[in-house]
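These are the residues of each chain, in order.
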Amino acid sequence: MSSTSNSTSKKILVILGPTATGKTSLALRLAKKFNGELISIDSRQIYRGLDIGTGKDIGNLRPQVSNLETSCGKLHYYLFDKTKLWLTDLVTPDQAFSVAHFLPLAHLLIKDIQGRGKRPIFVGGTGFYLKALLQGLDTGTIKPRPFLRSALTILPAPILSFLIRKTNPSKWKSMTSSDQKNPRRLIRALEVSLSRKNPPPLPRLKHSFCLIGLKTDLKTLRPLIQKRVQKRLEQGLLSEIENLIKKYNWSDPGLNTLSYKEFKPYFQGISDLKTCIKNWEHHEYQYAKRQITWFNKQKDITYLNIQDSNLKELKVFDNE
RNA sequence: GCCGAGGUAGCCAAGAUGGUCACGGCGCUGGUCUGAAAAACCUGAGAUAUCAGUUCGAGUCUGAUCCUCGGCA
């Protein structure tokens, strides 16, 4: 019984679901059960220093340096009771990060983890990153052009829409009416259209994935969110923010994150703490709904209800 | 009880001299997504406190009723 010999053919697990459904704790248990290592699919846990607010739950853990060399330097991981967790704490809050950074790292890690006879288990709730992982990202190698972007930002959406319709009619047609009114998407579309040489896209992965979605109804999610908000405040979220704003600006990409941005008015003395907390809680709830919208479109997800007692025993995975 | 102010959607709120489907914002619904995605967008549903009157026509004018707030008793 050599369970590790053909592990490359084993499906890669993906644990997804809206915020506050307990993805991480499930993932850790699955990692034990299936000899896995965790890879975070989370656009916010990427940021160093955003610990409590993004729910990293690292406590006193220290990052361990691996020998995987990347453009961000050597990759590191956290060790949760012998289980490795990758792809958190990659950049500082003032740095930009995107799917295009995430994807090659994810590919690298899949290869590395499988090469060591283990099973990659992705866990997280960033729908866009997940989609790119599963379906590829053709334009992922076309880099942003900051100068072009800032020049275009001053233009109103209808003008941008007009420009893309003239320069790249097929792209314009492929955009939904919602995106045709979204300046950010229009600017990116122009950026892609105007790029002279198109670098070859990243090769698509040939792996097969097993998607496990955690599900609950919104009524039960709400109190879970409230509880978690309370817990994070007790863990010292406010002093974490206080330290962050000593080093970084509110306009930095990392601070445009739930549980941080809501406290901007408080630290600026414009609003009281209670209001900020209420807004935060509210935004978390809205975010959860947006995540659910993402996952609803994703095919082939096996949904598990977080209240299912079989889930607590992991019996549901016995046939894996 | 008297005086004053006011009652527009779940909340905040605009509405000169009466005249098309009553501005917005928050929230709520549903959705979009190929380098910011915990982001950025799109869509939809909600209201003139009540009753009467003036008028071709009233959120807008008049009266009454009810309610809220402030002041005086």
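Residues numbered from 1 in each chain as written. Chains lettered and ligands numbered in written order. Predicted model: local features only at pLDDT ≥ 70, side-chain atom pairs only at ≥ 80, totals over all residues. Heavy atoms only, no water.

## Focus on the pattern of salt bridges
Applicable threshold: Only one rule defines a salt bridge in this text: a Lys or Arg side-chain nitrogen within 4 Å of an Asp or Glu carboxyl oxygen. Each helix is a run of DSSP H or I of at least 4 residues and each strand a run of E of at least 2, with the numbering of both proceeding from the N terminus. When a residue's accessible area, from a 1.4 Å probe over protein chains only, is under 20% of the maximum for its type it is buried; when over 50% it is exposed; and in between it is partly exposed.
Per the counting criterion, the structure on display carries nine salt bridges. In this structure, the salt-bridge partner of E37 is R116, at a minimum N-O distance of 2.6 Å. Here R116 lies in the loop between helix 2 (99-115) and strand 6 (119-124) and E37 lies in strand 2 (residues 36-41), a separation of 79 residues in the sequence. Overall, R116 belongs to the partly exposed group, its relative accessible area being 36%. A network of salt bridges, in which partner residues are shared, links E37, D112 and R116.

## Observations concerning the domain arrangement of chain A
Note the cut-off: Domain borders in the structure are assigned automatically or taken from a domain database.
The domain architecture assigned to chain A consists of domain 1 (2-137 + 203-217 + 300-317), domain 2 (146-193) and domain 3 (219-288). For domain 1 versus domain 2, the distance between C-alpha centres works out to 33 Å.

## Looking at the nonpolar core
Put simply, the rule is: Take the buried Ala, Val, Leu, Ile, Met, Phe, Trp, Tyr and Cys residues and link them wherever side-chain atoms come within 4.5 Å; each set so joined is a nonpolar core. Any two residues whose heavy atoms approach within 4.5 Å are treated as being in contact.
W86, L87, F102 and F122 are the most contacted members of the largest nonpolar core, which totals 53 residues. It is helix 2 that provides the largest number of residues to this core, a total of eight residues. Counting residues domain by domain, this core receives three or more from each of domain 1 (2-137 + 203-217 + 300-317) and domain 3 (219-288). Not counting residues within four places of it along the chain, the set of residues in contact with F122 comprises I12, L13, V14, I15, I39, I41, F102, A106, I110, L133 and F209. Membership of the second largest hydrophobic core comes to 22 residues, among which are L26, L38, F80 and I306.

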